[in-house]
Amino acid sequence: MEPAGLLFDREAFLDMLGNDEELLREILVDYLADSQRILTEISALLASVGDGDDYELRRLAHTLKGSSANVHAPQVRQAAIRLEHAITKQEPVDLSEVRGALHEFTTHVRQMGLVS
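Read on for an overview of the structure. (Residues numbered from 1 in each chain as written. Predicted model: local features only at pLDDT ≥ 70, side-chain atom pairs only at ≥ 80, totals over all residues. Heavy atoms only, no water.)

What about the environment of glycine 66?
Here's step 1: Relative to the elements of secondary structure, glycine 66 occurs in helix α3 (residues 54-70).
Here's step 2: Here glycine 66 falls in the partly exposed class, since its relative accessible area comes to 28%. (Helix = DSSP H or I, 4+ residues; strand = E, 2+ residues; numbered from the N terminus. Buried < 20%, exposed > 50% of the residue type's maximum accessible area, 1.4 Å probe, protein only.)

Quick word on the pattern of salt bridges
Between side chains of opposite charge, a pair can form as their charged atoms come close.
Here's step 1: Overall, the coordinates contain 6 salt bridges when judged by the stated rule.
Here's step 2: Linking glutamate 21 and arginine 10 is a salt bridge whose minimum nitrogen-to-oxygen distance equals 2.6 Å. Of the two residues, glutamate 21 is situated in helix α2 (residues 21-49) and arginine 10 in helix α1 (residues 10-16); the sequence distance between them amounts to 11 residues.
Here's step 3: Through salt bridges with shared partners, one network takes in Arg10, Glu21 and Arg25. (Salt bridge = Lys/Arg side-chain N within 4 Å of Asp/Glu carboxyl O.)

Quick notes on the packing of aromatic side chains
Within a pair of aromatic rings, the relevant descriptors are the distance that separates the centres and the angle that separates the planes.
Here's step 1: Following the criterion strictly, the structure yields 3 aromatic pairs and no others.
Here's step 2: Between phenylalanine 8 and phenylalanine 13, the aromatic rings sit 6.2 Å apart at their centres with planes inclined by 70°, giving edge-to-face as the arrangement.
Here's step 3: Using a relative accessible area of 4% as the deciding quantity, one classes phenylalanine 8 as buried.
Here's step 4: Taking the centre distance of 5.4 Å and the plane angle of 85° together, the rings of phenylalanine 8 and phenylalanine 105 count as edge-to-face. Here phenylalanine 8, found in the segment before α1, pairs with phenylalanine 105, found in helix α5 (residues 96-111); they are 97 residues apart in sequence, far enough to count as distant. (Phe/Tyr/Trp six-rings, centres within 6.5 Å; stacked < 30°, edge-to-face > 60°.)

In structure tokens, the structure reads:
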């Protein structure tokens, strides 16, 4: 379990990848692109039919939650968990927390020189 407030557990992720720094960078680039795509799809679903297709919204939130856990991005994962719960409970969906957490994560890994 990652400590509270941790944006990215680089050591745990790198250890999981057998200390392959190049692979870490490639996965982070893919994760950031996929995460943005997921948020865009969620936004489009919400805009097109109000609350959107609940199954597809849950699937997308669940995917974001899982991929965030895989790359050791705990704040994005926690925000995705709350998003998934809101969708499941049919509560209003606000993407600002997830967007903010993803932005912080992106800024952090860029400052670390892991992605451009």
